[in-house]
Every structure is written in structure tokens, then in C-alpha cells.
Amino acid sequence: MSRLIALHGTASSVVLECGPSGAPLWRYWGPLLPAQGLPAHTVAQARYVPPSSLECEVPASLLPSFGVGGFGQPALLAHRAGLDFAQDFNDCVLDRRADTLTITLSDRVARLQVVIELSLDADDVLRIRSRLRNDGDAVLDLQWLASATLPLPAHARQVSSAHGQWSNEFRWQDEALGPSVWLRENHRGRTGHDGLPAALVLAEGATAHAGTVWAAQLAWSGNSRQQIAPREDGGWLWQLGEWLAPGEVRLAPGECFETPEVVATCSTGGRNGAMRNFHAAARATVRWPGGQMAPRPVHLNTWEAVYFDHDEAALRELAQAAAAVGVERFVLDDGWFHGRRDDARALGDWWPDAAKYPKGLTPLAEQVQALGMQFGLWVEPEMVSPDSALFRAHPDWALQLAGRPLLTARQQLVLDLARPEVAEHLFTTLNGLLHSLPIAYLKWDMNRDLTTAGHAGRAAYHGQVQALYALLARLAAAHPAVEIESCASGGARIDLGVLPHVQRFWTSDNNDARSRVAIQRGALQLMPPELLGAHVGAERSHTTGRSQSLAFRAAVALPLHLGVEADVRRLAPEQAQALARWIALYKQLRPRLHGVPVTLGEAGDGIVWQAHGDATAAVLFVYRLEPTAQRFSPALRMPWLAAERPYRLRRLCAAAQGAMPGWGRSALHDELDGPGAVLPGAWLREAGLELPRLTGESALILSIDAQ
């Protein structure tokens, strides 16, 4: 006898059909259904047998199989020396506890067991993972095990995915779903710039603010695969999982393989609704020292201030200048360790360079603390330079394949973290640094993809990621107060898999404010602002060569986790004072910027905006990216506000933002600089706020408060 099982979030529902045998069937994943809104009929009762088809149809299930009637992409591909390549999981045991389902499926012929865990929470976050056990008496070669197989209805129209490269990450592109398979794979060994294991699927008519959107991301920091394949009823099946190299996973009798988790959501609030649900998932995943988030401290990172040119006296001056403008965490970047004169040498030799720091790092770290700042340190533990004492002593510690040349990138190699002696060496080294210095923060970098990634001759991608997580967890247990930033050539390791072990992501190596607007908006689709680092760079960008005003650079960095990436010693007095005002504004606003809902939008004519807050109170950032093409600026509609309430709008910290152009403002805009303008919520939602005439690459920051 078949029965329906439903899980309900606040605004979405999942419905499965469980029959007397076989894997549960997908009946529904979409907007919230009423408790009594489920049909009485089964799939078999609703479906006819089409011409030229099997008499026994195989509908879409949680675990599509291969070789026994299913012709789509299977969730499992495995064999034993060419045998048992076809699977059919007829035995099903289901355990439900609150809103979590554990489904145990067995194939007695192939002697396999798959356990699928599925839960749906009040934030409409759907979490799914799978675990495979080899119950046979021979080795099982695993080629593919989907973490999740998700159903999409026939009215899904577009898929949006992120691509990019170094310094130009998180470029989202939309593609129409059609009769062909949509496929994305990443084989780089890390999350990567160009193949993020995440996507959004939009129903017909979905926009930034309304309409049904399904979204999913794989919580994994390595190789990945996702595909959306058409079903024969007009819908699609969406699979996400870890891409496995040939021969990478071979399960001995009794051994198990567990997939990374898929975090998915369905929202009727458009792209922004899916984004807010992802933010809720990330906030539930991150582990803050002490159990809760402290105010995100203002950073100064030394990289673009001094690069490799470390002079202790100059860095002491830099620390003093940083403290004077309000910096709260001073991070000593690359160049501090033995022999590190450039990027061609010394990775792996993690002790202070005696020529640069004759007494070690303690005097500088203690001065940083005396100035009222935390001390942070850059490391790249997963890497080794061929020109280093570590590599000369242990050349076999690098990932490598016998008979193949070692391929360098940024003149460095990757250590084999799955070797116990390597993991122990790295823990001992980092543990020693953390014990000997007052380090509150590690900037953990990872600057290359994996090649010749072999461990004892076998593909090592999966084991490398697992070993990284284990090393990070061991360090966190030994030093629970230390925060860690995940940096990987900028934003190449931003994912929910590493998030339980870190408290910050470096969004991009590109601090050009014009570029950063798009990069940060793209990253916000997956992660909340308090986890994303954004720095006020030098006037002339290190990566693009372009220049922007301090006001624009600061306004772009302000909504995220603010930092500074410039030599503040060289600022003119008026520039230093202006930067101090921006940092003071950030400290004032951060309770309103972090841990709150975020809404992104566009007003047209080169204007984009983001709001941090809800219908009670919000901070609105308006960015004009290009000179206007119109005589009058477009009105900015605010769809997140309540129609029945009036709102007071005020421009924040005019002293920091600077005066609005006198020729581009009106009496209404004068009110924004004074006591504030009060406008009806319905008007702001539907007609919008008439904006002043801003110049290209400028910003407007408003406080919006319900009256």
C-alpha cells in the first residue's frame, strides 16, 4: 500500500510517495501546500502507459537506478570488476523523526545499501546527503553517487549559475532549460572560480523579488558535478554530488562512502528569497568562537601596503597608523617567514625570517595588541615551494604521480594532506605558532588548483578535502578562540563545506570598487554579508589600474565585513580623517548590517542597490555605476517595505559621504540630509523614491525606519 509523506517548512513543502517496495518517489518540491492538500491517488494510478514503452514505468525517485528500467541519469554508478553494474533497491525502511527522514534502501542482488537523510527546516532549507555501504564480498568501484536528486516541475524555465576567474568571481549567467542535459563539472580539486557547485532554477515569470525559485549548493570544497536532465513528463531531475576521479573510491566489503551534503531551498520570493534562505543555512552552519558572532572587527591587511617588503620598523608605523583610523585587527600577510622574498620560494618554512624579524614576531604582535588591535597572520599550509627546506627534506610529501612531472602553479606544489606525517607536521607547526604568538586570526590561503593529485598512486582529491577539514577541526579544538579566513586566490573556496571550520571568506583579490559591486552581489547570492571580506583598497587598484574616490571605495566595502588593504601611512591628513569617519560609520551600523535579511535590486540607468534589514528598519546602499543617460534619475522602488506603514528616510553620515551635487538635488533630497523625509510605504513599494542625480561611481546610503 502506497502512502504520501510530507515535510513542510514555512513557505515550502516536500512530498514523497512510499510504496510497498523500491525507493520513495518524488511527488512534489515547491511552494507550501496546505496540510490537507495532498492527493489520494498514486503515481501508478495517475499515469498511463505511453506507446513504445515498458509496461512497468520507473517514475522519478530519490535514487534513480541504472539497468533495470530507468533511462535517465542514475544516482549511483558502481560495479564489482564489471559485475553488479545494475542496481534495483527494492527494500525500503523509513524512519521519521520530526521533520527529518532517514530512508534505508537495500539491493539484495547487488548487495548494496544506500541511506538517504533528508530534512526540511523552518527556514525552508532542505538538506540531503547519501551514504553507500558495500555489503558484498568483493571490492566495489564507485564512479558516482549523487548527494541528492531533486525534482523540478515543467514550469521551471531558466537555470542561473556562477562562473568567473581570478579577480572576477561570481558572474551569474542565465540559460534556458531545454530538451538537452544541462551539466556543470569542476575537476580543479577545490571549489574554484569557474565551476561553483551551486545554481538557481527560476519558474516562468520569476524575478529578483517575486516568483518561484529553486536553489541548491553542494557543501564541498573539492571536485563537483551537477546536472539538470529532462524527464519524460516535461519536468527535470537535478542531481548534485562530488565528481570522482577514475578509481578514486573503491569500497572493500563492509566499507562506506558518504557524500557531501546538498543544501537546497524553494522560495516564492524570487532570487532574493532563495538568497535569504541560503543566508539562514550559512548562519546555522558557521561556528563562532564562544558560540555567537561578535561584532565583525575592522581589518587592516598588509598585503597591498607592503607586499613582500617586510621591514619591522615600517610595519610598526603601519600598525600605529591603522589604529589611528580605527582598525581593530591587524593581519600580517605573506612575506614574514623564513626566506620569503618573493612568491618563488619558502612556502613550508613557517618560522619568522631572522633578517626581517631578528627577535621574531612577538615584538610586532605585542605592539599591535598594545595599540588595541588583534593580531592576525597569513599562512598557506597546504602548499610547499620546491625551493624550501621542507621540500628538500621531504620531496615525497607533495602530491605526485610516479613517472609524471611535478606541475607548479604560482611556483608552488600541493602537500599530500592525507599522509598522516604531513597532517601531523602541519598541525604541530601551526599549533606552535598559535601557542608562541598572540594570534587571534589566521588568514588561510590556498593559491592553486590540484594536479598530479596522487596518493600512493591513486587519485587523492576526495581524501585531500577530508584531510583539510580534519586539520582545521583539530586546530579549532586546540585553539577555539582563533578565527580563520578561507582565502583561495581570492574567492575560489567559498562553500558550505569549509564553513564549519572558518569564520570569514575572502571574496576576491580584486579591491577595485567598481568590480567589487558585481563580485559582492554575486557572492551574496550564496553567503551572508558578515562572512564576506570587503576591503577599502588604495586609490589606484592593484588589480585593474583604475582609480575611484575614497567615498565610493568605502561605501562599496561597508555592507560586508569591512577591512582596509592600503598603506594608511601615506594618506594625506584629510584622507586619513575621512577613512576614520567611514570606519566609525561601519562600527555604528554593523549591528544593522550583519545577521539581518538582505535584498538586492536594480533601479535602471546604471543604478543598483542593496538593503540590509526588514520592513521595520533597514540600511539602503545605492550605487551609481555609470554616468546617467537620462535627465532625471529613475525612482527606486523598495519592495521589502510594508505598504501600510510610513517610513522616515535619512542620509547617513553626510560628513563621510560628502555633499550631494547641488545641481542634482531637490527639496526632497535636502530633507534627507536634515530630519529626514517621511513617505508612505505603499508609495515607496510601488512608485519608489526619486533619487538625486549622482555622478558615475558614487553612492548614497540611507537609513529607512518605520514610523
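Owing to the predicted nature of the structure, the values given are computational and were not obtained by experimental measurement.

A. Representation of the overall build of the protein chain in the model. Tallying secondary structure elements over the protein chain gives 14 helices and 40 strands in all. In terms of C-alpha radius of gyration, the protein chain reaches 27 Å, essentially the compact-globule figure of 27 Å for 707 residues. Projected onto its principal axes, the C-alpha positions of the protein chain cover 80 × 70 × 40 Å. Counting every position in the protein chain, which comprises 707 residues, the buried fraction comes to 58%. A total accessible area of about 27,000 Å² is found for the protein chain, and carbon and sulfur atoms account for 53% of it.

B. Expanded view of the sheet that holds strand β34 (residues 607–613). With antiparallel pairing, the six strands of this open sheet are ordered in space as β33-β34-β35-β40-β37-β38. In the strand order of this sheet, the two ends are held by β33 (598–604) and β38 (677–680), each with one partner. Strand-to-strand twist across the sheet, computed as the mean angle between neighbouring axes with direction ignored, equals 25°. Bridge count between β33 and β34: six bridges; the pairing is antiparallel. Of the residues in β34, the one forming a bridge with G601 is W609. Contacting β33 and β34, helix α9 (residues 513–524) crosses the sheet at an angle of about 45° to β34. Seen against the sheet, helix α11 (residues 573–593) touches β34, β35 (617–624) and β40 (698–706) and runs at an angle of roughly 130° to β35.

C. Here's a closer look at the packing of aromatic side chains. Counted under the stated rule, the structure contains twelve aromatic pairs. Ring geometry for F337 versus W378: centroids 6.1 Å apart, planes at 10°, classification stacked. Here the residue F337 occupies a position in the loop between β22 (329–332) and α5 (362–370), and W378 occupies one in strand β23 (residues 374–379), the gap between them amounting to 41 residues. The same class applies to F337 as to W378, namely buried. For the ring pair F621 and Y623, a centre distance of 6.4 Å and an interplane angle of 25° mean the geometry is stacked.

D. Spotlight on helix α2 (residues 270–285). Compared with an ideal rise of 1.5 Å per residue, which puts 16 residues at 22 Å, α2 spans 23 Å between its outermost C-alpha atoms and is within 8% of the ideal. Counting buried residues in α2 gives 13 out of 16 residues, a clear majority hidden from the surface.

E. Spatial organisation of the side chain of H193. Along the chain, the position of H193 falls in the loop between β13 (182–186) and β14 (198–203). According to the relative accessible area criterion, H193 is buried, its value standing at 11%. Among the polar contacts made by the side chain of H193, one reaches the main-chain carbonyl oxygen of S489 at a distance of 2.9 Å. Those residues within four positions of H193 in sequence are excluded, and the remaining contacts are H163, G164, Q165, W166, E169, A488, S489, G491 and A492.

F. Fine view of unusual backbone geometry. Here the phi dihedral of F170 falls at roughly 60°; this positive angle occurs in a residue that is not glycine. Topologically, F170 is positioned in strand β12 (residues 168–176). Phi at R410 is positive, roughly 50°, even though this residue is not glycine. Relative to the helices and strands, R410 resides in the loop between α6 (389–393) and β25 (413–414).

G. Looking closely at the nonpolar core. Grouped together as the largest cluster of nonpolar side chains are 189 residues, with contacts concentrated most on W29, L150, W238, W336 and M527. If we ignore the near neighbours within four places in the chain, the residues touching M527 are Q217, H279, A282, I494, D495, L496, L499, F505 and L532. Ranked by size, the runner-up nonpolar core spans 26 residues in total, among them A611, A618, L649 and A706.

H. Broad picture of the pairing of strand β8 (residues 125–134). Across the ten residues of β8, seven count as buried, placing the element largely inside the fold. One ladder, built from nine bridges, connects strand β7 (residues 112–120) with β8; its direction is antiparallel. Paired with I116 across the bridge in β8 is S130. Once β7 ends, the chain turns through four residues before running back antiparallel as β8, passing D124 with a positive phi of about 65°. By the bridge criterion, four bridges tie β8 to strand β20 (residues 261–267) in an arrangement that is antiparallel. Bridge pairing in β20 links V125 to T265. Bridge count for β8 against strand β19 (residues 256–258) is three bridges, and the pairing is antiparallel. Looking across to β19, one finds that R133 is bridged to C256.

I. Focus on the packing of helix α7 (residues 420–436) against helix α8 (residues 461–478). Relative orientation of the contacting elements α7 and α8 amounts to 30°, with a least axis distance of 10 Å. Comparing the axis directions of α7 and α8 gives the class roughly parallel. Seen from above, α7 lies across α8 with right-handed handedness. Facing α7, whose interface residues are A423, E424, L426, F427, L430, N431 and L434, α8 presents L471, R474, L475 and A478.

Each value, and the rule that gives it
- Residues numbered from 1 in each chain as written.
- Predicted model: local features only at pLDDT ≥ 70, side-chain atom pairs only at ≥ 80, totals over all residues.
- Heavy atoms only, no water.
- Helix = DSSP H or I, 4+ residues; strand = E, 2+ residues; numbered from the N terminus.
- Rg over C-alpha atoms; globule rule 2.2 N^0.38 Å.
- Buried < 20%, exposed > 50% of the residue type's maximum accessible area, 1.4 Å probe, protein only.
- Areas by Shrake-Rupley, 256 points an atom, 1.4 Å probe, with all protein chains shown as cover.
- Pairing = 2+ DSSP bridges.
- Axes fitted to C-alpha atoms, helices over the stretch in contact; angles between N-to-C directions.
- Contact = heavy atoms within 4.5 Å.
- Phe/Tyr/Trp six-rings, centres within 6.5 Å; stacked < 30°, edge-to-face > 60°.
- Expected span 1.5 Å × (residues − 1).
- Polar contact = N/O pair within 3.5 Å; in protein donor to acceptor, adjacent residues only side chain to side chain.
- Core = buried A, V, L, I, M, F, W, Y, C linked by side-chain atoms within 4.5 Å.
- Parallel < 35°, antiparallel > 145°, perpendicular 65-115°, else oblique.
- Left-handed = near helix turned anticlockwise from the far one by under 90°.

Distances and angles like these do not, on their own, reveal function.
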